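# Overview (structure and organization)
Now for the letters of each chain:
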Amino acid sequence: MLCTVTILILTAGGTDSLPAQDTARVYVAPEVVVQADAVRQPWRTDRPVSSTGSVDDLMRCNGLTLIQRANGFAGEVTMMGLRGAQVNSTIDGMKIHAACVDKMDPNTAYVEIDNLTTMNINADGSDLRYGQALGGSVNFTLRRPEYTKPVRTLIDAAAESNAFLRRLRIDASGGTERVGLRAGYTLRTASDMRDGNDVTIPTSGYTKQNLQVVGGWKLNDSNEFQLSFIGDRATDVGYPALIMDTRKADAVIGALTWRRQWSSSLRTSAKVYANAIDHTMDDYDRPLTQIETRAFMPNMYMPMTGTTSVGGLLVETSISTSSTLINIIVDATYLAANATMEMIPLDTTVTPMFMTNIGDARIATAGLSAALDHEVADGLSFRAGARADVSSRTVRDEAFRSVISGYNPGVPLDVTALAGSVHGGLYHELADDLDVWAVLAYNQRMPTHLEMYGFWLYDPQANIIMNGRADLANENAMSMTVGGSYRQDDLSISGSLYVRRVGNYIGPDPATAIVQQGQPPVRTMGNLGTAMLTGFTATAFHSMASWFGLHATLRGVWGQSLAFDDPLPLLDPLTAMLRAVVGDATIQGEVAFSGALRQSRTSSAILPEDTTPAWMRVDLLIAWRPLAALRIQAACTNVFDTFYHEHTSINNMPARGRSFNAGLRVDL
Ligand SMILES: [Cu+2]
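Since we're looking at a predicted model, the values are computed, not measured. (Residues numbered from 1 in each chain as written. Predicted model: local features only at pLDDT ≥ 70, side-chain atom pairs only at ≥ 80, totals over all residues. Heavy atoms only, no water.)

Here the focus is the pairing of strand E15 (residues 266-282). Consecutive residues of a regular strand have side chains that alternate between opposite faces of the sheet. Across 17 bridges, the pairing between strand E14 (residues 245-263) and E15 is antiparallel. Residue pairing in the sheet places Ala255 in a bridge with Tyr273 of E15. Adjacent in sequence and paired antiparallel, E14 and E15 are bridged by 2 residues. Note that E15 and strand E17 (residues 304-320) share 16 bridges and pair antiparallel. The residue of E17 that forms the bridge with Asp278 is Thr307. (Pairing = 2+ DSSP bridges. Helix = DSSP H or I, 4+ residues; strand = E, 2+ residues; numbered from the N terminus.)

Here is the structure:
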């Protein structure tokens, strides 16, 4: 992974099918574009091996780390040690906010791979298009309708031996010159999974359905309207690492976009969007002994409901000349968030109680972002950008206001916050096949509504209860990234190195811990001083022959809170992946090795965690295309049934053990 990585997940056209083709067009430094059609070009190294994969698998095999709480989806993205709101995660630029106060539903839980065209990853602080974070961003582009294409139907079905995971996808698209339509449905369902020790993990199954409908209308060659809708429903999703499971999570995501090409050098797009998430979770599927003996709120059931609603406006303008590209974005959002919990004692003679965890938080934010890419001289360009946001924040529920004011006396709850970020970078082509670059960035992020107004939120790994604090200062980061890439026809190597100094690090402040008999310590969120993050990523593609290609990545991160002299929590250790692909357009085999070293640098103050042993796993795949429209594949993931968990797996929830998987795809 480089400074910026764009992965094209599904694009139309192209009949090339050899790994060499992937390799040949990979690098346009400092951006990486990996491009292939999953239908017509099934052989590629940036797609999950298993055809039952989710967006999580896609993110993982493209260099991101996930904080894992469930089996196979709803992983929370982390990047070079940045996590939570330090990474700005958006879908088509749209802000979609998790409704669960226990982090069960990062916004990527509400999309499927089949909803997406590209995944754009940036880690050097230079992507301010859709929000401010500490230097990390992930943006997914949703699929668009296809014009001037006969109707095409795709049926993709796969099943796995482990957890009897099944996936069915049906997709239909087509269009005339002026009107394009697409509809896709994905179903994934699994029973409880089995780990590498042949132990079945209780409450780890799930069912998830996703429907996407997109319609486009080209008024003329320079005017296009697009209406897109995603409905996503997850039911009975087990979260073995947590103390509750999702009963039902519904997401409705809608957008209307107008794209206008004013001239060859001026383009605009305007999008109005809205989304709503309704999340319910409970502990009714947990054994009574677990409820009676758990550290947090034992001897009671505690069903919880969380909702978020977002409305937004996103206006993008790009102006280009022969040597300069300017992007200006106006980005406004409104968020309303609620979360409540019932407490139903096992002793039925005791009256149930009720608690509000977020009492109608309202966050209205408006931002302006501008970016410039200017070619200063032949082979040398300068890129710079800035963004400013203003945000008004409040909670409306009066009873809730008085409760949290009681915990933080004198702290005002109505806040107007400002944030600003800037970056600049030089990109130099030293020779035809060699590029180098350096980027300097200062980023700020505002605290989230949970960090400001969350009440009685439980962290099951650190075993602490957290309360928000409305007067948190912005978290900020000064970062420096240097990188280089070397590419020839059959070989490309790239790498980057970064150092980031985080100021006003936001976390549950150990100094505020209140310990009461019979419950985990309660901490208030705070600004925890300075922290350092440094690390590297390296990627290599090598196409050794027309029928043999290799893809390797290596990454490492080191982080330390200077204020607490404590390693930063949830940092993955040195991690490597190697994939080899052999074959031709008809038949292809693939073997993938991935693994990580032991992580023994663990946080003991900020968020206590334990060490994680080293691990390695092997995946195998064979695929056959007897006809252009038919693809049959068989795979075995975790071939040696290795028992392991990633360091970022909450409460050491193990990874899936060996699984055989068979899939069939028909393109009609
Ligand atoms: Cu939840």
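Let us now look at a negative patch on the surface. Taken together, the side chains of Glu375, Asp378, Glu429 and Asp432 present a region of like negative charge at the surface. Tracing the backbone through its elements, the reader meets Glu375 in strand E19 (residues 353-377). (Patch = residues over 30% accessible without salt bridge, like charges linked within 9 Å, V, L, I, M, F, W, Y side chains within 5 Å. Areas by Shrake-Rupley, 256 points an atom, 1.4 Å probe, with all protein chains shown as cover. Salt bridge = Lys/Arg side-chain N within 4 Å of Asp/Glu carboxyl O. Lys, Arg positive; Asp, Glu negative; His and termini not counted. Charge placed at Lys NZ, Arg CZ, Asp CG, Glu CD.)

Now for the sheet that holds strand E23 (residues 457-459). Within a beta sheet, neighbouring strands are joined by backbone hydrogen bonds and run either parallel or antiparallel to one another. Within the open sheet, the 4 strands sit side by side as E23-E24-E28-E27. Their pairing is mixed. Looking at which strands have only one partner, the edges of the open sheet turn out to be E23 and strand E27 (506-508). Direction aside, neighbouring strands of the sheet carry axes that sit 35 degrees apart on average. Alignment of E27 against strand E28 (residues 522-527), held across 3 bridges, turns out to be antiparallel. When the sheet's bridge partners are listed, Gly507 is paired in E28 with Gly526. (Axes fitted to C-alpha atoms, helices over the stretch in contact; angles between N-to-C directions.)

Okay, the coordination of the copper ion next. Protein coordination at the copper ion: the donors are Cys100 (SG), Met104 (SD), His279 (NE2) and Met281 (SD), at 2.0 to 2.5 Å from the metal. If you list the donors of the copper ion from N- to C-terminus, the spacing comes out as C-x3-M-x174-H-x1-M. (Donors = N, O, S within 2.8 Å, 3.2 Å for Na, K, Ca; no water.)

With that out of the way, let us pick up the side chain of Arg362. Within the element layout of this structure, Arg362 appears in strand E19. Separated by 3.2 Å, the side chains of Arg362 and Tyr334 make a polar contact. Excluding residues within four positions of it along the chain, Arg362 makes contact with Tyr334, Leu335, Ala336, Ser392, Arg393, Thr394 and Arg396. (Polar contact = N/O pair within 3.5 Å; in protein donor to acceptor, adjacent residues only side chain to side chain. Contact = heavy atoms within 4.5 Å.)

Our focus in this paragraph is the packing of aromatic side chains. On inspection of all chains with the given rule, the structure shows 11 aromatic pairs. An angle of 15 degrees between the planes, with centres 6.2 Å apart, marks the rings of Phe225 and Trp258 as stacked. One end of the pair, Phe225, is in strand E13 (residues 223-237); the other, Trp258, is in strand E14, and 33 residues separate them in sequence. For Phe225, a relative accessible area of 29% corresponds to the partly exposed category. Accessibility expressed as a relative area gives 31% for Trp258, which makes it partly exposed. For the ring pair Phe455 and Trp456, a centre distance of 5.9 Å and an interplane angle of 40 degrees mean the geometry is tilted. Neither residue differs from the other here; Phe455 and Trp456 are each classed as buried. Taken together through their ring pairs, the aromatic side chains of Trp217, Phe225, Trp258 and Trp262 make up a single cluster. Here the guanidinium or amino end of Arg260 rests over the ring plane of Trp262, the centre of that ring lying 4.1 Å away. The cationic tip of Arg383 hangs over the ring face of Tyr427; the distance from NZ or CZ to the ring centre is 4.2 Å. (Phe/Tyr/Trp six-rings, centres within 6.5 Å; stacked < 30°, edge-to-face > 60°. Buried < 20%, exposed > 50% of the residue type's maximum accessible area, 1.4 Å probe, protein only. Lys NZ or Arg CZ within 6 Å of the ring centre and 35° of its normal.)

That's the geometry; what it means functionally is another story.
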